Structure formats: structure tokens, C-alpha cells
Amino acid sequence: MSDIPFPKPSRRAFLRGAAATGTGLALAGTAQAEGDPLITQVQDWAQGFGDGVDATPYGLPIRFEDDVVRRNVEWLTADTISSINFTPIHALDGTITPQGCAFERHHSGAIELSKSDYRLMINGLVDKPLVFTYADLERFPRENHTYFLECAANTGMEWAGAQLNGAQFTHGMIHNMEYTGVPLRTLLNEAGYDTSATWIFVEGADASSNGRSIPMDKALDDVLVAFKANGEALRKEHGYPVRLVVPGWEGNMWVKWVRRIEVLNGPVESREETSKYTDTMADGSSRKWTWVMDAKSVITSPSPQAPITHGPGPLVITGLAWSGRGAITRVDVSKDGGKTWETARLAKPGENKALTRFYLDTDWDGEDMLLQARAMDDTGYVQPTKAQLRDVRGENSIYHNNCIQTWWVRPTGEAENVEVS
Ligand SMILES: Nc1nc2c(c(=O)[nH]1)N[C@H]1C(S)=C(S)[C@@H](COP(=O)(O)O)O[C@H]1N2
Ligand SMILES: [Mo]
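In this text, all values refer to a predicted model and were calculated from it rather than measured experimentally. Per chain, residues are indexed from 1 in the order of the written sequence. Each chain is given a letter, starting from A, and each ligand a number, starting from 1, according to the order in which they appear as written. The predicted nature of this model means local features are confined to residues of pLDDT at least 70 and side-chain atom pairs, given and counted, to a pLDDT of 80 or more, with totals for whole chains, interfaces and linings taken over all residues. Hydrogens and water are ignored here; the side-chain numbers use all heavy atoms of the structure.

Trainee: Got a minute to help me understand unusual backbone geometry in this structure?
Mentor: Trans peptide bonds make up the majority, and among non-glycine residues the majority have a negative phi. Of note, the bond from Y240 into P241 is cis; its omega dihedral lies within 30 degrees of zero at 5 degrees. A run of H or I in DSSP becomes a helix once it reaches four residues, and a run of E becomes a strand once it reaches two; helices and strands are each numbered from the N terminus. Relative to the helices and strands, P241 is located in the loop between β10 (232-233) and β11 (243-245). The linkage connecting S301 with the following residue, P302, adopts the cis geometry, with an omega of 0 degrees. For P302, the location among the structural elements is in the loop between β15 (296-301) and β16 (313-322). Although it is not a glycine, W257 adopts a positive phi angle of roughly 50 degrees. Here W257 lies in the loop between β11 and β12 (258-264). The exposure class of W257 is buried, given its relative accessible area of 1%. One non-glycine residue, K353, adopts positive backbone phi at about 55 degrees. Relative to the helices and strands, K353 is located in the loop between β19 (345-346) and β20 (356-364). Residue exposure (1.4 Å probe, protein chains only): buried if accessible area is under 20% of the type maximum, exposed if over 50%, otherwise partly exposed.

Quick look at the structure:
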């Protein structure tokens, strides 16, 4: 898509905007009591009974929310078995992703593995190879941590130009859950791992096995062997009954249905690791072992799937920011394609390797906006523009696109995925 020239704001619009900001935002309700049957008449739902407490032993969202669902992009993969779908981030708020709409990525489909059939083996450079049952894992001291998981391919279709029209599709290969699990360190200690060992190799119980090598330093640091997410059992599609949680690192290392962990003195050069999860640079060379997900952000509303549905005046601009290196410290929002920036309000102080919600409570003048968000983390890293990222990485990459995203919001409130130069 070609560059969109930013329409110059008129002087009148500028003054109106300035005056409104100066006085602070005042918002009255937009409906009127008089003549509104919703106010003046007794409605059906107030005259009969609702559902009894036994109607839904395990509840689903109310039917009015039935479009808040994972979606896939049909042309992306040949079939749905080795495929991916996307979290409806445009329709969510806060930071926790409900498991029921958290994106899925499988190489050979989501398998059904019961707790009683579950085994986890730790072997290789250990004093004593061990096999844990699910019940064994439950007897180790466990911890709770909230982390994001981002697929390395998130935003990967956007390298060459603005392509997919919606935050769900451009940035939805991400979810954020509160995990309960046992630190991998605890289990490695239990097996008596060789302290000179430098790597582990982890594989899953599915046909693809998704074998991945992880440096021992990371394995001993914050990796979890997790069995609950957001308080309940992992869903089948997220690795029931047990998955690996590798905080801040690319999603493919978070092995689901984890069945074996081998302690080694070097990485296992699996097919996927050497050929797939590398970044192709402009000169055709490859960047390898880029495990950490750099700081990134996206405005979730307004966005193409979440247009503004009201006129000028108070507008809540919101989005998500995250960094695999630590906590988000600041998010700036631009309405003019990066010329000027305002610092957004973080809903809560940024948390380590977890999604951070930001808000810009603003006054919309009803004119075009080129909305952007720019994240900063506690290492001092600033999210790059698309041009800056292309300067370093070219346009041949798929993975690790963490550039600033632009939405062109029209006076009608509709938004579109665009690029600014
Ligand atoms: N066993 C196994 N683990 C796996 C995969 C897989 O196909 N099999 N896919 C990986 C990839 S590429 C990603 S991005 C994440 C996705 O996790 P989710 O399905 O819970 O979103 O799981 C990873 N772990
Ligand atoms: Mo992935």
C-alpha cells in the first residue's frame, strides 16, 4: 500500500482541540430518559425469570459477544492442522487473555492427552534419569506468574507493506496468561543435572514433537513447567496437561504437551531450528537464535475491526505493550503518524515479560488521525519505526517484526492499516 499523505489539520480544528484539552474532558450521557422505552417501560427481562444456577455448569460468554473469537487467515497455510489463528485483541481489554480465545499454533494439531497418560522424562547429563507423572508434578512447590507468549511470526506478514486489516491479524499471535507451575530448575535439581551442561533439548508428545534446544542459563532462570493457566487447567489447544513456559522468548520454544527434557552439552540442531526460525536479512544471510521478543506495542482500539462509533469529543485510545526483556516503562501515542507524541497512561505499572495495557484519554476533533503507539522497556529500548527496522533487517524477514504500527482513522471513525514514510 502506498504512503498516505497526512491531511493538514485546519487552524480551526487545532484551536478547538486545544481549547477542549485545556478545560479537561466533560462527558454527558448521550441517551435521553424522555420517550426512551428502555427507560420508561418495563422490559421483558424485568418481568420473568432468568436462567437458574444450573443452566451452564461451565459458562460461555453471552451470545451478544459471539464475535469475540479466534480467527484464522485461510490463505496463510495449506490446512488447519499445521496452522495458526489469532487472538481477537481488538475486542479485549485489560491484559489477561481468556484461554477460550487465545491464539493457537500447532504443527500437527492439538492432541488429547489425559493426566493419567501423562509422563515427563528428564534424562541426559543427569545423576538419575527421572520420569514424573502428573501427580508427581503437583507435589513440588509451585509458583504463579503472568507472561505473554508471542509467536515469532506475529506481524510477519507486514514486512513488505501494510497487508492485513485488523489488529487481530497483524498482532494477534499473542496471549497473556497467569500460569501456575513448577520452576524447571526444581525438576533439574531433582534429577541432579550436570552443572557443566550448557543446553537442554525439550520435546512434546504430539506427532510434530516441536523439539527445541534451550540454553541452560534460561532453563535455570525463569522457565516453568506449567499445568494451569488463568486459574484453570490448560486447555487442550495450549498443551493440556502440561506445557513449558519460556518467559519473554519466542512462542515456538514454549513446548506444549511436554514429554521429555534432555540435559546436553550443546544444542540439538533440529530441522525447524536451523531452517525455519531464522531471520533472512536483506543480503540473504540469516540471523539465528533470536530468542527474545523485543519491545512492541499496538493500538487495539480504535483499529480496523474496532472503529470509532461516536462523533468528536471524548475518545479512549487503548492498546497493549510488551517486552521480552523486562517491564514496559512508558508508551507514547501519536495521532499524526509520528510527528508529535503524547505519553499514554499505563493501567498498572508494567510487569516483567507480561502485557501492559495503556490508555490515552483524549478529545477527538473528528478529523483524520494516523494513530501510532511506541513502547519503551526498562532496558531503555525504544520500539523502532518500520523504516528503522527495514534499514537494519531489510524486507525478506518473516520473524521478529516489532515495528511501530499505523492505523489511519477517518472522520467516519473507520480505520485502516497503512504505512507512513
Ligand atoms: N508440542 C508442540 N509445542 C508447540 C507447538 C507445537 O506445534 N507442538 N507450537 C509452538 C509455537 S510455534 C507457538 S507460537 C506456541 C503457540 O502456543 P499456543 O498454541 O498456546 O498459542 O506453541 C509452541 N509449542
Ligand atoms: Mo510460533
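Trainee: Got a minute to help me understand the confidence of the model for the chain in this structure?
Mentor: Caution is warranted with low-pLDDT regions, since their predicted coordinates should not be read in detail. pLDDT is a residue-level measure of predictor confidence that goes from 0 to 100. When pLDDT is averaged along the chain, the result is 91; 91% of the residues meet or exceed 70. Least confident of the elements in the chain is helix α1 (residues 11-23), whose mean pLDDT is 39; most confident is strand β6 (residues 174-183), at 99. What makes two residues a contact is simply this: any of their non-hydrogen atoms within 4.5 Å. Segment residues 271-276 is flagged for pLDDT under 50; beyond a separation of four residues in sequence, or across chains, it makes 13 contacts in the model.

Trainee: So what exactly am I meant to see when it comes to the sheet that holds β12 here?
Mentor: Sheet strands pair via backbone hydrogen bonds, and the direction of the pair is either parallel or antiparallel. Across the sheet, five strands lie side by side as β4-β3-β12-β7-β8; this open sheet has mixed pairing. The open sheet has two edge strands with one neighbour each: β4 (130-133) and β8 (212-215). Taking each pair of neighbouring strands and ignoring which way they run, the sheet shows an average axis angle of 20 degrees. Direction of pairing for strand β7 (residues 199-204) relative to β12: antiparallel, over a ladder of six bridges. Any two strands with at least two DSSP bridges between them are considered paired. All axes here are fitted lines through C-alpha atoms, helices being fitted over the stretch that makes contact, and every angle between N-to-C directions spans 0 to 180 degrees.

Trainee: Got a minute to help me understand the nonpolar core in this structure?
Mentor: It is characteristic of soluble globular proteins that their nonpolar side chains tend to be buried jointly. Here, the term nonpolar core denotes a set of buried Ala, Val, Leu, Ile, Met, Phe, Trp, Tyr and Cys residues that are joined through side-chain atoms within 4.5 Å. Within the largest apolar cluster, 62 residues are counted, with the highest numbers of intra-cluster contacts made by L120, L137, Y179, L187 and I200. In terms of residue count, strand β9 (residues 224-229) provides more of this core than any other element does, five residues in total. Not counting residues within four places of it along the chain, the set of residues in contact with I200 comprises L184, R212, S213, I214, M216, A219, I261, E262 and V263. Membership of the second largest hydrophobic core comes to 28 residues, among which are W322, L371, A373 and V409.

Trainee: Help me out: how do you make sense of the site of ligand 1 in this one?
Mentor: Near ligand 1 you find 22 residues, and of these F103, H107, H238, R243 and K256 are the closest. Side-chain atoms alone can form a polar contact between residues adjacent in sequence; in general such a contact is a pair of N or O atoms within 3.5 Å, and within protein one must be able to donate a hydrogen while the other accepts it. Residue D206 places a side-chain N or O atom 2.8 Å away from a nitrogen atom belonging to ligand 1. Asp, Glu, Lys and Arg are counted as charged, while Ala, Val, Leu, Ile, Met, Phe, Trp, Tyr, Cys and Pro are counted as nonpolar; the rest, among them Gly, fall into the polar class. Residue composition of the shell around ligand 1, grouped by class: seven nonpolar, nine polar and six charged. Residues are classed as near a molecule or strand on a simple rule: at least one heavy atom within 4 Å of it.

Trainee: Just checking my understanding: could you explain the state of the cysteines for this structure?
Mentor: In a disulfide, the sulfur atoms of two cysteines are covalently bonded to one another. Note on terminology: disulfide denotes any pair of cysteine sulfur atoms within 2.5 Å. Inspection of the entire model under this criterion finds zero disulfides. Counting only cysteine sulfurs, C151 is the nearest neighbor of C101, a cysteine outside any disulfide, at a range of 17 Å. Residue C151 is classed as buried on the basis of its relative accessible area, which comes to 7%.

Trainee: What is the right way to look at the domain arrangement of the chain in this model?
Mentor: Size of an interface: often given as the accessible area lost when the parts come together. Domain delimitation in this document rests on an assignment produced automatically or drawn from a domain database. Segmenting the chain into domains produces domain 1 (119-282) and domain 2 (292-417). A C-alpha centroid distance of 28 Å is found between domain 1 and domain 2. Taken together, the contact between domain 1 and domain 2 spans 39 residues of the former and 35 residues of the latter. A combined buried area of about 3200 Å² lies between domain 1 and domain 2, and 54% of that area is made up of carbon and sulfur atoms. Accessible area, probed at 1.4 Å, shrinks when two parts are joined; the buried area is that loss added up over both. Contact with domain 2 buries surface across domain 1, with F148, W159 and H171 losing the most and accounting together for 24% of the total. The term salt bridge refers to a side-chain nitrogen of Lys or Arg lying within 4 Å of a carboxyl oxygen of Asp or Glu. Here domain 1 and domain 2 share two salt bridges between them. In this structure, the salt-bridge partner of E150 is K296, at a minimum N-O distance of 2.8 Å. For the interface between domain 1 and domain 2, the tally reads 21 residue pairs in polar contact (both at pLDDT 80 or more). Among the elements of the structure, β5 (143-150), α4 (167-171), β6 and β13 (279-280) are those that each provide at least two residues to the side of domain 1 that touches domain 2.

Trainee: How do you make sense of the packing of aromatic side chains when you look at a structure like this?
Mentor: To describe a pair of aromatic rings, you give the distance between the ring centres and the angle between the ring planes. Working definition: rings of Phe, Tyr and Trp (its six-membered ring) pair if their centres are within 6.5 Å, and the pair is stacked with planes under 30 degrees apart, edge-to-face with planes over 60 apart, and tilted otherwise. Counted according to the given criterion, the structure contains seven aromatic pairs. Ring plane angle 55 degrees and centroid distance 6.4 Å describe the contact between F148 and W322, whose orientation is recorded as tilted. Highlighted residues: F148 in strand β5 and W322 in strand β16, separated in sequence by 174 residues. The two residues F148 and W322 agree in class, both being buried. Chaining the aromatic ring pairs together yields one cluster made of W199, W249 and W291. Charge-over-ring placement is defined geometrically: NZ (Lys) or CZ (Arg) within 6 Å of the ring centre, and within 35 degrees of the ring normal. The ring of W341 has R374 lying over it, and the distance from NZ or CZ to the ring centre is 4.1 Å.

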